[in-house]
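If you want the building blocks of each chain, they are given just below.
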Amino acid sequence: MANENANPSAQASPTDVSAQNPAPASAVPEEPAPVTGKRQRPDGPMPDWEYKYLFGKEALEGWKEARQKPPPPMLPEPTKDYIEVRIQLFRFHNVYRYARLPVTMTFQQLYKFLLYIFGWSGAHLHRFEVVGNVEMYSPNGQKKGMIKKCGRYLPEMPDPHDIEDPREWIEWWMLQRHHSDPYIEVVSKLPKYPRSPRPPPYDEEWHYYDPPLETEVRLETELTIGDVWDVRTPDRRRNATKGECNNRKIGIRMEYDLGASWEVHITLSDLGNSYVWQSPTPNNKPTVIQAKGAPPVEDCPRERYDEPEGKKKGVSGLIYDPENFVKYLKGEIGSRARKTELAIYDVKKENERLRKLAKEREEKRAAREAESARHRAEGNEDSEGDDDEDEYYSNSEDDYY
């Protein structure tokens, strides 16, 4: 691993007639007349009746329930036990992070951490899956750190010619149809109605169904990293697969932006012999120890696909300070994948920069319109290819990245 990727410790006008001849006080209305036919939205939070009118009764009940619950903690519970993992952006060679995560970190907190280290906005849907029997690509190839195969344990295929009851072979054949299912599906909210249990593989009349192979469903706020990889028991078999796989054979897949499908693979670290790390004192901040490359610009227009490869992008050195993740959760700093780097920036300074750029763009647009109006008044036609090009394309890269 390259050393450069490691952690570095309005006044009125004189010609205004209304200003020279102001209207008498009796002619000026004290307040505007009310608008009829429209519901006036009151100041403050939306009232329950309006929320119910707009979104329905069930949405109102869910909103009330959410308001009564305290917000989930931003950081995990302090612990001395950490797990070192490799976080790989799927289909992007050499775009990865090595990080130490506290075993008490929930998947909701893990999601925030992934947004931070990859510079995503969180404006899209996502989902997690915990998979087992993981087979990785070759560590010497361009797909290092990516999951090649995964699935459930599948017994050896019986010989259909040597078994007495053919249902044994049929049951195996149905099991292999679901062998790629995850062990745990992680959701942000449980479904209102639980899934009905699957029927047995067959009934007395030999009507065959899917086998009773269920995927466990867990909430993001409840499932932790320590529930996936067991590091607290001597045999380390009390993991997400209930002992079917050892820790090295377990991985996490996170899909972000279900339309574009950015996929992240999280597996145990391969930097050393051990993936378990002990903190001298209880701590709750995840730490990035190595980082390389950055993903493409999020929601980038098609005309902007001129950015370099992900592995050639830089990474801000601020990513290595655990305190910056705390500031990120508080909204003090931000993270964004830009054209040439993963940038970590001060939110106030960035907003001021964007306001300044917006003002400059408006001044340029007004100047172009004034120039076009002067040409039309003189009877001249604008020549194509002049500086009157589309505002979007005439701006510099920094306006957007």
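Residues numbered from 1 in each chain as written. Predicted model: local features only at pLDDT ≥ 70, side-chain atom pairs only at ≥ 80, totals over all residues. Heavy atoms only, no water.

1. Brief notes about the nonpolar core
Quick reminder of the rule: Throughout, nonpolar core names a set of buried Ala, Val, Leu, Ile, Met, Phe, Trp, Tyr and Cys residues whose side chains join them through atoms within 4.5 Å. We call a residue buried when its accessible area falls under 20% of the maximum for its residue type, exposed when it is over 50%, and partly exposed in between, using a 1.4 Å probe and counting protein chains only. By the criteria applied, helices consist of DSSP H or I runs no shorter than four residues and strands consist of E runs no shorter than two, each listed in order from the N terminus. Throughout, a contact is declared for two residues whenever any of their heavy atoms are within 4.5 Å.
Residues Ile 87 and Trp 229 are the most contacted members of the largest nonpolar core, which totals 54 residues. Looking at which element gives the most residues to this core, the answer is helix α4 (residues 107-118), with nine residues. With residues near it in sequence (within four places) discarded, Trp 229 still touches Ile 83, Val 85, Asn 247, Ile 250, Gly 251, Ile 252, Ile 266, Thr 267 and Leu 268.

2. What about the packing of aromatic side chains?
Rules: To pair, rings of Phe, Tyr and Trp, with the six-membered ring standing in for Trp, must have centres within 6.5 Å; the planes then decide the type, stacked if under 30 degrees apart, edge-to-face if over 60, and tilted in the middle.
Tallied over the full model, the rule gives eleven aromatic pairs. Ring geometry for Tyr 82 versus Trp 277: centroids 5.5 Å apart, planes at 90 degrees, classification edge-to-face. Taken as a pair, Tyr 82 in strand β1 (residues 79-89) and Trp 277 in strand β10 (residues 276-283) lie far apart in primary sequence, 195 residues in all. For Trp 277, a relative accessible area of 31% translates into the label partly exposed. With centroids separated by 5.1 Å and ring planes inclined at 85 degrees, the aromatic side chains of Phe 107 and Phe 128 adopt a geometry described as edge-to-face. Of this pair, Phe 107 sits in helix α4 while Phe 128 is found in strand β3 (residues 126-131), placing the two residues 21 residues apart along the sequence. Relative accessible area serves as the criterion here: at 0%, Phe 107 is assigned to the buried category. In this structure Phe 128 comes out as buried when scored by relative accessible area, which is 1%.

3. Considerations on helix α7 (residues 322-330)
Operational definition: Any pair of N or O atoms that falls within 3.5 Å is considered a polar contact. Within protein, one atom must be able to donate a hydrogen and the other to accept it, and sequence-neighbouring residues count only if both atoms are side-chain atoms.
Inspection of α7 places Asn 324, Phe 325, Val 326, Tyr 328 and Leu 329 among the buried residues, and these make up the whole buried set. Along its buried surface, α7 packs onto α4 and β13 (333-337). A side-chain oxygen of the first residue of α7 lies 3.1 Å from the backbone nitrogen of Glu 323; this N-cap is Asp 321. Following α7 by one or two positions, Gly 331 has its phi on the positive side, about 85 degrees.

4. Description of the pattern of salt bridges
The cut-off we apply is this: The salt bridge definition used is simple: a Lys or Arg side-chain nitrogen within 4 Å of an Asp or Glu carboxyl oxygen.
Applying the stated criterion across every chain yields a total of 18 salt bridges. For the salt bridge of Glu 350 with Arg 336, the shortest nitrogen-to-oxygen distance reads 4.0 Å. You can see Glu 350 sitting in helix α8 (residues 347-378) and its partner Arg 336 sitting in strand β13, a full 14 residues away along the chain. Glu 352 is paired through a salt bridge with Arg 355; the nearest N and O atoms lie 2.9 Å apart. Taken together, the residues Glu 352 and Arg 355, both in helix α8 and three residues apart, mark about one turn of the helix. Of the residues examined, Glu 352 reaches a relative accessible area of 46% and is grouped as partly exposed. Residues participating in the shared-partner salt-bridge network are Glu 216, Arg 218, Asp 227 and Lys 242.

5. A short note on a nonpolar patch on the surface
Note the following rule: Distance thresholds for patches are 9 Å for like charges and 5 Å for nonpolar side chains (Val, Leu, Ile, Met, Phe, Trp, Tyr), applied to residues having over 30% relative accessible area and no salt bridge. Throughout, the Shrake-Rupley method with a 1.4 Å probe supplies accessible areas, and for residues the shown protein chains are the sole cover considered.
A grouping of Trp 49, Tyr 53, Leu 54 and Phe 55 is seen on the molecular surface, where their side chains present a nonpolar patch of about 510 Å² in accessible area. Secondary-structure assignment places Trp 49 in helix α2 (residues 48-55).

6. Points about the pairing of strand β8 (residues 251-256)
The following threshold applies: For two strands to count as paired, DSSP must find a minimum of two bridges between them.
Summarising burial for β8: five of the six residues are buried, a large majority. Of the pairings in the sheet, the one linking β3 to β8 comprises six bridges and is antiparallel in character. Considered in β8, the bridge of Val 131 is made with Gly 251. As judged from the five bridges shared by β8 and strand β9 (residues 262-268), these two strands associate in the antiparallel manner.

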